[in-house]
Structures are given as C-alpha cells and as structure tokens.
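Structural description and commentary
This is what each chain is made of:
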Amino acid sequence: MFIKQADILGIKVAALTMEQAIKKVEEFIETFPRDRHPHLIATANAEMLMRSTKDELLHKILNEADLVVPDGAGTVWAGNYLGMTMPERVAGFDLVQNLLCLAPQRKWRIFFFGSALGVAEKAAQKACHDYPGVCIVGTRNGFFTEADNEQIVAEIKEARPDILLVALGVPKQEKWLYKFLPQLDCPVSIGVGGTFDVMAGVMKRAPMWMQRAKLEWLFRGMMQPKRAGRLMALPKFVFAVRAWRQKSRREK
Ligand code: UDP
C-alpha cells in the first residue's frame, strides 16, 4: 500500500488515516516471516519534530523509520500547511487501542515495555479487561541501566511478540529501539510515550472536547507542570514550519 508523505522539517510524515495505519501494521507483520525486517513506527507530535531539528540521531532514526504517523494536531496542521492533504490525526494512544482490539482476532502477541514500576502490568491488565482474549506476552518497566539491556533484549526475544510497545519517552524510546531492533526479532515496534500511564490510570487523557478542539497539548501541559516549559515547543514549531515552507519555495 503506497502512502504519501509530508516533508515536515526534513522528516517524512505519513499522510494517512487510522485505518491505513492499522493496515500498514498488518502488512508489516505479514511480511516479516519472509523479509525478517523489524519495522519501527514513530508517532510524531510537534515536540518530537522540533527536537529532531537539533538531535541528529533522532532525525536519522525518524527518517529511517518504516512509518511515522501524525500524532498531534500540530503535525496535521504542518502537513496541510506544507501542501499535503493530511486525512486525520493518528494518535499513538488510539493506534495502540486499535491494535489491541484487533490482536485477539489476528492472534498477535504483544509486549509492554516501559513506564514506572508496575505501570506496564496495570496497563496490560486494562488491555485484558478491555480487549478479551488479547495475548500480552510480557511486561517490563522502563527504568534500567545500560547493564540491564542485554537481559531486557533476551526477555523480549524469548517472549516472541509480534508487536513491541515501548514507553520510555521521546527520544529515549526511539534511540533504544534503533539500537536494539536488529536483535529483537520482532515484526513491529512502536514508541508509545505516555500510553501505559493513561491506560493504567496514572495519567488522564484530555477530555474529548479538548481533543476535538485540538487542545490536547494544552491539557497535557496543565496536568504536568514539568511539561509547562515544553509547551513553548508548539509556537516554536509553527515558526519553524513557516520558515521551512519559505525555504522549500525558494529552493524550487
Ligand atoms: N519513562 C521510562 N523510562 C525513562 C523515562 C521515562 O519508562 O527513563 C516513561 C515514563 O514513566 C512515562 C513514559 O516514559 O511512562 C513517557 O514519558 P514522558 O511523558 O516524559 O515522555 P513523552 O513521550 O511524552 O515525551
């Protein structure tokens, strides 16, 4: 399935619907026995895209990823502003819920890696409650040292997941995956940020009216004061995207 991409600040972000994103995951899992290619999926919001302009490794990882979905109203706005029609926002949290819902029918095995002690387990319990028959093959918290990596990789490999969800925050989750993906032997890995926190009830997601009003970023900033400084990423992103458009036009 061919998917168009918007070039946002040098990152190729897929212009696709949630349904197409799910189809892509299905395709990645189906082709894995033949090509053994471990697919990396990133969920890009404005903050991640801004960070990639200063973090060379993150930039490289995102451009080598198999799929970068537009997680966030800012990303959808930027794609449209740059001339690509972005059909909808594909939030990481929603993508995960859709995949968990489909997992029992497809017999997909899922691994939850990341977040504070006990959170991945709670999120897994919630998944089992919400999506009966879902097969969670392992959980592991996201606080570890370099020395633990070998054992974490072995644990994941042994569990043989089809989908590995990694919640270590940006850019740690993308960098961890980039480094260990070749050893994991897992068809699809996704960096999912605060998804387990929300599933476990540790953190709230913005109410639907705020999501619809494209204000989820504001809600997250209000709920976590430590994030307040990060809210500046959004206006900075708008300026950067405008400058990016001018530069691209000049180069044409
Ligand atoms: N996290 C983790 N290990 C770390 C840092 C963060 O497991 O070393 C978890 C954290 O507990 C949270 C998730 O990563 O569940 C996402 O963190 P945050 O909201 O800071 O990141 P974002 O993805 O929003 O940038």
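Structure: above.
Let me begin by describing the structure that accompanies this report. All chains use their own residue numbering, which begins from 1 and follows the written sequence. Where local features are concerned, this predicted model is filtered to residues with pLDDT of at least 70; where side-chain atom pairs are given and counted, the filter is 80 or more; whole-chain, interface and lining totals use all residues. Only hydrogens and water are removed before side-chain values are computed, so all heavy atoms of the structure are retained for them.

Two orientations exist for strands paired in a sheet by backbone hydrogen bonds: parallel and antiparallel. Only strands that DSSP links by at least two bridges are regarded as paired with each other. Runs of H or I in DSSP of at least four residues are treated as helices and runs of E of at least two as strands, each being numbered from the N terminus. Taken in spatial order, the six strands of this open sheet run β4-β3-β8-β7-β5-β6, and their pairing is parallel. Edge positions in the sheet fall to β4 (67-70) and β6 (135-140), since each of these pairs with one other strand and no more. Strand-to-strand twist of the sheet, defined as the mean angle between neighbouring strand axes without regard to direction, takes the value 20 degrees. Bridge count for strand β5 (residues 109-114) against strand β7 (residues 163-167) is five bridges, and the pairing is parallel. Bridging from a neighbouring strand, G114 pairs with A167 of β7. Helix axes are fitted to C-alpha atoms over the stretch in contact, other axes to C-alpha atoms as well, and angles between N-to-C directions run from 0 to 180 degrees.

In terms of nonpolar packing, the biggest core is built from 41 residues, with L100, I110, F112, I163, L165 and F196 touching the most fellow members. Looking at this core, the elements with two or more residues in it are α1 (18-35), β4, α5 (92-106), β5, α6 (119-130), β7, β8 (188-191) and α9 (195-199). Top contributing element to this core by residue count: α5, with seven residues. Leave out the neighbours within four places in its chain, and L165 touches V96, I110, F111, F112, F113, I190, V192 and F196. Buried residues of nine kinds, namely Ala, Val, Leu, Ile, Met, Phe, Trp, Tyr and Cys, make up a nonpolar core once their side-chain atoms join them within 4.5 Å. Between buried and exposed lies partly exposed: a residue is buried under 20% and exposed over 50% of the maximum accessible area for its type, with that area taken using a 1.4 Å probe on protein chains only. Contact criterion: two residues are considered in contact whenever any of their non-hydrogen atoms come within 4.5 Å of each other.

Attention now moves to the site of the ligand. Around the ligand sit 17 residues, and of these S115, G142, K172, D197 and R227 come closest. Think of a polar contact as two N or O atoms within 3.5 Å of one another; within protein, one of them needs to be a possible hydrogen donor and the other a possible acceptor, and neighboring residues in sequence only count if both atoms come from side chains. In this structure, a nitrogen atom belonging to the ligand sits 2.7 Å away from a main-chain N or O atom of G142. Each accessible area is a Shrake-Rupley result for a 1.4 Å probe, and residues are judged covered by the shown protein chains and nothing else. Look at the ligand: alone it shows 540 Å² of surface, and the protein chains cover 81% of it. Buriedness of a pocket was judged along seven lines, with at least five required to meet protein on both sides within 12 Å; pockets are open sets of points on a 1 Å grid over the protein atoms alone, cavities are sets where a 1.4 Å probe fits but cannot get out, and lining residues have an atom within 4 Å of a point. A cavity or pocket is said to hold a molecule if more than half of that molecule's atoms lie within 2 Å of its grid points. Most atoms of the ligand, that is more than half of them, are within 2 Å of grid points of the largest pocket. The residue classification treats Ala, Val, Leu, Ile, Met, Phe, Trp, Tyr, Cys and Pro as nonpolar and Asp, Glu, Lys and Arg as charged. All others, Gly included, are polar. A class-by-class count of the residues in the shell around the ligand yields five nonpolar, six polar and six charged. Consider each residue's heavy atoms; a residue with any of them within 4 Å of a molecule or strand counts as near.

For a regular strand, side-chain orientation follows a simple rule: the groups alternate between the two sheet faces. Bridging between β5 and β6 involves five bridges; their strand directions are parallel. Looking at β6, one finds that R109 is bridged to C135. Handedness of a crossover is defined as follows: with both strands directed away from the viewer, a clockwise route from the first strand across the helix to the second makes it right-handed. In this region the chain leaves β5, passes through α6 and returns to the parallel neighbour β6; the handedness of that crossover is right-handed.

In this section: the packing of helix α3 (residues 56-64) against helix α8 (residues 172-184). Closest axis-to-axis distance for the α3/α8 pair is 10 Å, and the angle between their directions is 65 degrees. Between α3 and α8 lies a crossing of left-handed hand. The segment α3 lies against α8, with L57, L58, K60, I61 and E64 engaging E174, K175 and Y178. In terms of residue class, the contact of α3 with α8 is built from four nonpolar, no polar and four charged. The hand of a helix crossing depends on one turn: near helix anticlockwise from the far one by less than a right angle means left-handed, and clockwise means right-handed.

With that settled, consider the pattern of salt bridges. Here a salt bridge means any side-chain nitrogen of Lys or Arg lying within 4 Å of a carboxyl oxygen belonging to Asp or Glu. Per the stated rule, a full pass over the model turns up 14 salt bridges. E26 is paired through a salt bridge with R106; the nearest N and O atoms lie 2.5 Å apart. With a gap of 80 residues between them, E26 in helix α1 and R106 in helix α5 connect regions that are remote in the sequence. Residue E26 is classed as buried on the basis of its relative accessible area of 13%. The exposure class assigned to R106 is partly exposed, which follows from its relative accessible area of 34%. Of the charged contacts, one joins D185 and R36 as a salt bridge, the two residues approaching to 3.2 Å between their closest N and O atoms.

Before going further, it helps to examine the layout of surface pockets. Grid points are joined across faces, edges and corners, and a volume is the space filled by probe spheres set on the points. One number sums up the size of the largest pocket: a volume of about 1,100 Å³. Taken together, 49 residues form the lining of the largest pocket, with N45, G194, R220, R227 and R230 sitting closest to its centre. Of all the elements in the fold, those that place two or more residues in the lining of the largest pocket are α2 (46-52), α4 (73-81), α5, α8, α9, α11 (216-223) and α12 (233-251). Partitioned by chemical class, the residues of the lining of the largest pocket number 19 nonpolar, 16 polar and 14 charged. Of the pockets and cavities examined, the second largest pocket occupies roughly 280 Å³. What lines the second largest pocket is A73, V76, W77, R89, A91, D94, R205, M208, Q211, R212 and K214. Broken down by secondary-structure element, the contributors of at least two residues to the lining of the second largest pocket are α4 and α10 (208-212).

A word on α11. Of all the residues in α11, the buried ones are E216, F219 and G221. The inward-facing, buried residues of α11 abut α10.

Spatial relationships are all this shows, so hold off on functional conclusions.
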